[in-house]
Amino acid sequence: MTYTHFNQLHFGETAVLIANVWDVPSALAAKHAGFNAIGTSSAAVAAQFGYEDGESMPFETLLMVVERILVNTDLPLTVDLESGYSDDPEAVAANIMRLANLGVVGINIEDSKVNNGTRVLKSADEFARFLSHIQQVLKQHNCDVFINVRTDTYILECDDTLQETIKRGQLYQAVGATGLFVPCITDLNEISKVGECVSLPLNVMCMPDLADFDTLAKLGVNRISMGNFVFEKHQTNLSTLLSTINKQKRFTALFG
């Protein structure tokens, strides 16, 4: 699927549901389950190779995973690029173009950074300039990619969270973002307010108290993703299965 088709998914009557995957089997499971699009979870991809989330995994490893997923499924794939794997906008643009050349239709890039194990929010103005530079380079190379900008205002519970989110969303929209991702927002009034004040397609993430998909769509949500939660549940189920086999000293749990 092309960038144009992927972009159009965000403007349908229902929100596009993104299955967050980490390898070929999880991508194929999403396809067989009827999903229209998939996205990598940076934390899940890193975990399967024994890395911490936060760009501790080499970019080349991410490229390898992405390439194998694309070879094995025709679902549109958007990639969690975290902070871009560089502080240099030219280098980030180059990373995005490498992904696009593989067939990736979109990326997530976040306005926070992990420093010495602590996540901090970047200056909104500085990040907007950073994003603008990236977009300029992509345009120069005729590279069309859905740039889903993740703002971590709710993750980090910054002061005046709602107003700061709206301010950042409007700033990022002005410099060419394609979508706005606000993880950890769950309050229905606040979701509605962000949707009213920022024209970009709005992406929210799986949370324990998040409303059902129809309610979210009526509030103006265009995209719903799952973060690392499916991977974590998958690992919990695997651990439970292996523990059961070890305790029972038989394989009944595998075939029941």
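1. A look at helix 8 (residues 188-197)
Consideration 1: Among the residues of helix 8, Ile191, Ser192 and Val194 are the ones counted as buried. Buried residues along helix 8 cover an arc of 160° about the axis, so they all sit on one side. The outward face of helix 8, more than 90 degrees from its buried face, is lined by the exposed residues Asn189 and Glu196.
Consideration 2: Where helix 8 is buried, its residues meet helix 7 (161-174), strand 8 (179-181), strand 9 (202-205), helix 9 (213-218) and strand 10 (221-225).
Consideration 3: Between the side-chain oxygen of the N-cap and the backbone nitrogen of Asn189 there are 3.0 Å, and the N-cap of helix 8 in question is Asp187.

2. Remarks on the packing of helix 2 (residues 24-32) against helix 4 (residues 59-72)
Consideration 1: Running from N to C, helix 2 and helix 4 cross one another at 35°; their axes reach a closest spacing of 9 Å. Here the hand of the crossing between helix 2 and helix 4 comes out right-handed. On helix 4, the residues touching Val24, Ala27 and Leu28 of helix 2 are Arg68, Ile69 and Asn72.
Consideration 2: Across the contact of helix 2 with helix 4, the residue classes break down as four nonpolar, one polar and one charged.

3. Some points on the sheet that holds strand 3 (residues 77-80)
Consideration 1: Taken in spatial order, the eight strands close into a barrel running 1-2-3-4-7-8-9-10, and their pairing is parallel. Across the sheet, the mean angle separating the axes of adjacent strands is 25° when strand polarity is ignored.
Consideration 2: Strand direction decides the pairing type here: strand 9 and strand 10, joined by four bridges, are parallel. Residue pairing across strands places Leu202 opposite Val221, the latter belonging to strand 10.

4. Concerning the packing of aromatic side chains
Consideration 1: Scanning the entire structure with this criterion turns up five aromatic pairs.
Consideration 2: An angle of 75° between the planes, with centres 5.1 Å apart, marks the rings of Trp22 and Phe231 as edge-to-face. With Trp22 in the loop between strand 1 (16-21) and helix 2 and Phe231 in helix 10 (residues 229-248), the pair connects residues that are 209 residues apart, well separated along the chain.
Consideration 3: Judged by its relative accessible area of 8%, Trp22 falls in the buried class.

5. Thoughts on the pairing of strand 10
Consideration 1: In terms of residue burial, strand 10 counts as a mostly covered element, since five of its five residues are buried.
Consideration 2: With two bridges connecting them, strand 1 and strand 10 associate as parallel partners. The partner of Leu17 across the bridge, within strand 10, is Ile224.
Consideration 3: In this view, the connection linking strand 9 to its parallel neighbour strand 10 by way of helix 9 has right-handed handedness.

6. Looking at the pattern of salt bridges
Consideration 1: Scanning the entire structure with this criterion turns up twelve salt bridges.
Consideration 2: Of the charged contacts in the structure, one is a salt bridge between Arg168 and Glu164, with a shortest N-O distance of 2.8 Å. Here the residue Arg168 and the residue Glu164 both occupy positions in helix 7, the gap between them amounting to four residues, near one helical turn.
Consideration 3: One network of salt bridges, in which partners are shared, links Glu110, Arg119, Arg150 and Asp152.

Quick notes on the rules
- Residues numbered from 1 in each chain as written.
- Predicted model: local features only at pLDDT ≥ 70, side-chain atom pairs only at ≥ 80, totals over all residues.
- Heavy atoms only, no water.
- Buried < 20%, exposed > 50% of the residue type's maximum accessible area, 1.4 Å probe, protein only.
- Helix = DSSP H or I, 4+ residues; strand = E, 2+ residues; numbered from the N terminus.
- Arc of directions from axis to C-beta.
- Contact = heavy atoms within 4.5 Å.
- Polar contact = N/O pair within 3.5 Å; in protein donor to acceptor, adjacent residues only side chain to side chain.
- Axes fitted to C-alpha atoms, helices over the stretch in contact; angles between N-to-C directions.
- Left-handed = near helix turned anticlockwise from the far one by under 90°.
- Nonpolar A, V, L, I, M, F, W, Y, C, P; charged D, E, K, R; others polar.
- Pairing = 2+ DSSP bridges.
- Phe/Tyr/Trp six-rings, centres within 6.5 Å; stacked < 30°, edge-to-face > 60°.
- Right-handed = clockwise from strand over helix to strand, strands pointing away.
- Salt bridge = Lys/Arg side-chain N within 4 Å of Asp/Glu carboxyl O.

The values reported here are purely geometric and, on their own, carry no functional implication.
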